[in-house]
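Topology and contacts: notes
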Amino acid sequence: MRFENREQLEKYIIELKNKNGKKKVLICGGLGCLAKGAEEVLDTFRKVIEREKVEAEVEKLEESPHLVKTGCMGLCEAGPLVRIEPEGILYLRVKPEDVEEIVDKSLKEGEVVERLVYQEKVNGEVHYWPHLKDVPFYRKQVKIALRNCGSIDPQNLDEYLARDGYLALAQVLNEKTPDEVIEEITKSGLRGRGGGGFPTGRKWQFARVVKADKKYIICNGDEGDPGAFMDRSVMEGDPHSILEGMAIAGYAIGAQEGYIYVRTEYPLAVKHLRKAIEDAERAGFLGDNILGSDFSFRIIVREGAGAFVCGEETALIASIEGKRGMPNPRPPYPAYRGLWGKPTVINNVETLTNVPIIMLRGADWFRSFGTASSAGTKTFALAGKIKNTGLVEVPMGVTLRDLIFGIGGGIQDDKKFKAVQIGGPSGGCLTERHLDLPIDYDSLSGAGAIMGSGGLVVLDEDTCIPEVARFFMNFTQNESCGKCVPCREGTKHMLGLLQKVVKGEASTSDLELLEETAQVVRDSSLCGLGKTAPNPVLTTLFYFRDEYLDHVVHKVCPAHICQAMKEYRIDPEKCRACAKCARVCPVSCISGRPRVPYVIDQEKCTKCGACFEACPFDSIIVEWRKKEDE
Amino acid sequence: MEIEKESLVLSRQFEKVNAILRKYSHNVDNLIAILQEIQSEYRYLPEEILTYVATALQVSPAHVYGVATFYAQFSLEPKGEHIIRVCDGTACHVKGSAQILKAVRENLGLREGENTTSDLMFTVETVACIGACALAPALMVDEEVYGQMDEEKVQQLVDHLLGEGEKVDAV
């Protein structure tokens, strides 16, 4: 149906809500759960419930329960996840063979299948948490941006509407002038969730005051940070909230057209967004004369083609225009001259999903979460060596400790925490001493990291810090677009120096050169990519200098990762002088004579392992080099 | 190989390209989308088609070539029918994606410097992040994600892809 005005929508929403309240089975259709077999679980539920209906046991089920395939529920680690509503029971690692039991117990009798709920050992005793709201992973979370993610079928408009969807847009179009909208967003203290943290209201205001025949809203869904998947989850799990946010932004600045730029690696996000746009157009939430007003707004999805630099706003604009995604100097800022030379506001996915609910519940409500300088919540993708990997949303100002050890459940296999990389290849590595730091934009930049889009990769004692720094530098060097010299050449040199470090070929003066180059790249690059690329190097050099020195001075890798820090020796007891090792050695560093044990020349050895493979008598000993004083 | 490449192009006679160009109203603003569709048709961007597209859009071949070489998604070499993308994002990296890549390449019999099998069935790539960090280390076969990989699972997966083994659970 097509909605012609606000009253009609409000009436429809009330009808939808009245229909709610009956039994529901929510099955997580996020990437993690799908890969773990959520689809088969869904199919089994469908079959079992169909059969129950035929067997006329429906009275016991009251009404046939409603099956919903939702977006990401967050606890990817323990998928496939299944939720029973309205009780809010959460089942983990559900297999098709568990479905009968869940239907019998939970749907018919309202009981809990204990073996499938969240459990944890506390002081040697196993505790069970059957309800989602009590599970330690969820307890401290506040879901604002992810309010619908994991609770609705993202491909069903009615499910979004039943949670007051498009009501904010309807109210804005009826009651508020564009200036009032901007005022409300400014008052809410919402800042850009893509990493920069620029106040959203101010950005809109800049674009609002520029006179132009056309203006644009761009939603930046080019989530290129390795280790981040928040925006993906929202695009897949709650696409309408992005569309509504964009429409409100469009109304506020006077734009008629919007673009969503999505990574091509996210095919499901593209599919869900396109379906949502189609449905929203049919229902009159997008297109001409939205909800009977004189505001018209269209949204077009553009797929990226794989370039990290396109997350930078001027490069993203070039990419939408069909060009190479190279950044341009700012000013002029896109708010003055952006897409096709017209005023353009670029907001991140998460920023835009916050907009409808702020308009609905007010700036003061939003401000009641978070810290004075950073209002609201932030989503994080927990990954790396952490127990509960997944998607979380917490109020700004929680500590890293709460996030990693409270919600995240601590380090896998009870290893020791070493560092956490926040903000991906543009962010910094923080250490144990930062664990009690309340996370907001300002505290993180004070510590040398950035909020970034919210990727949070936990590193344990088995991770080699210089190797991680080399990994990030390899990434940014690869993704440097080549336009400006400091980034193009600087990242290359930094990578070269880091490679020397992990190969055990660097000297202490190389470390100084590395630091100096990093500072130059940071200070003189054209865009955000180059300006932030040195962050991982600079923070690790600062917080983990000893580990660099181990590699450089002692030629030792304490985490046992860097292959060059291994030593290959021949056990003279076992060696039968067959010469097989000497024949396969590519650098001819093994020598010997018949009947005398062979010897490896440590200076020449490249640690390729060929001799190890070749020896028929297991006489090659591989050992990690230790510091001399040990 | 050269002959195969040529006959592939000739047999289709630019018909598909024309249809794609029409769909995007010959507008150079849509160049990336145009190249994406051409690539999904041909599995790579043949040079003569790039020149053809440039002429049709009334821009220089350098412009089209520049875009085609800028983005990681585009390939100027023929790609295999199936693309195996091994994720080397941060989470996968710290969980040992290097071994996964090595195992995939070894099981497919790829030599150093080779990314596509000689029968043009498989291309192996690394990708910065597929957003499946919670399942690290992960890889994608076409659009299917496989998580929590190890060397043994890689072998099973490749066997299955080669039509020799059982289907592999995604996790």
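Throughout this description, residue numbers start from 1 for each chain and increase along the sequence as written. For this description, chains carry letters from A and ligands carry numbers from 1, given in the order in which they are written. Residues qualify for local features only when their pLDDT is at least 70, as the model is predicted, and side-chain atom pairs are given and counted only at 80 or more; totals for whole chains, interfaces and linings, by contrast, use all residues.

Attention now goes to the overall build of chain B. Helix and strand assignments come from DSSP, with helices taken as H or I runs of at least 4 residues and strands as E runs of at least 2, each series counted from the N terminus. Within chain B, the secondary structure is distributed over eight helices and four strands. Overall, chain B shows an N-to-C arrangement of helices and strands of α-α-α-α-α-β-α-α-β-β-β-α. By principal-axis analysis of the C-alpha atoms, chain B measures approximately 50 × 35 × 25 Å. Whether a residue is buried, exposed or partly exposed is read from the other C-beta atoms within 10 Å of its own C-beta, which are placed from the backbone; 20 or more gives buried, 12 or fewer gives exposed, and intermediate counts give partly exposed. Taking all 171 residues of chain B together, 39% fall into the buried category. Residues are defined as contacting one another if the C-beta atoms placed from their backbone atoms lie within 7 Å. Within chain B, counting contacts between residues at least 6 apart in sequence, those at least 24 apart form 59% of the total.

Attention shifts here to the sheet that holds strand β2 (residues 122-127) of chain B. Residue and element names in this part refer to chain B. The sheet built from four strands is open, its strands ordered β2-β1-β3-β4 with mixed pairing. The open sheet has two free edges, formed respectively by β2 and β4 (144-146), since each of these has just one partner strand. The average angle at which neighbouring strand axes cross in this sheet is 25°, direction not considered. Helix axes are fitted only over the stretch in contact, all axes being lines through C-alpha atoms; the angle between N-to-C directions runs from 0 to 180 degrees. Helix α7 (residues 97-108) rests against β1 (82-87), β2 and β3 (139-141) of the sheet, and its axis sits at about 155° to β1. Strand pairing is assigned whenever DSSP identifies at least 2 bridges connecting the two strands.

Before going further, it helps to examine the confidence of the model for chain B. Residue and element names in this part refer to chain B. pLDDT runs from 0 to 100 and stands for how confident the predictor is about each residue. On average, residues of chain B carry a pLDDT of 87, and 91% of them reach 70 or more. Predicted confidence in chain B is weakest over helix α1 (residues 2-12), with a mean pLDDT of 55, and strongest over helix α5 (residues 61-70), with 96. Complex prediction metrics read pTM 0.90 and ipTM 0.85.

Our focus in this paragraph is the pairing of strand β11 (residues 377-384) of chain A. All names here are of chain A. Judged by how many residues are buried, β11 sits mostly within the fold: eight of eight residues are covered. Relative to strand β12 (residues 390-395), β11 is paired through six bridges, and the arrangement is antiparallel. In the sheet register, Ala381 faces β12, and the bridge partner there is Leu391. When β11 meets strand β15 (residues 455-460), the two strands line up parallel, connected through four bridges. Note on β15: the bridge partner recorded for Leu382 is Leu456.

Entries for chain B in the domain assignment read domain 1 (2-70) and domain 2 (82-161). How far each domain reaches was decided by an automatic or database domain assignment. On a C-alpha basis, the centres of domain 1 of chain B and domain 2 of chain B stand 29 Å from each other.

Taken together, the contacts link 41 residues of chain A with 35 residues of chain B. Just so you know the grouping, Ala, Val, Leu, Ile, Met, Phe, Trp, Tyr, Cys and Pro go in nonpolar, Asp, Glu, Lys and Arg go in charged, and all remaining residues, Gly too, go in polar. Taken together, the residues that form the side of chain A that touches chain B break down as 16 nonpolar, 15 polar and ten charged.

All names here are of chain A. Judged by pairing direction, the sheet is mixed, and its five strands sit side by side in the order β12-β11-β15-β13-β14 without closing on themselves. Two strands close off the open sheet at either side, each with one partner strand: β12 and β14 (428-431). Along the sheet, successive strands turn relative to each other by an average axial angle of 30°, direction set aside.

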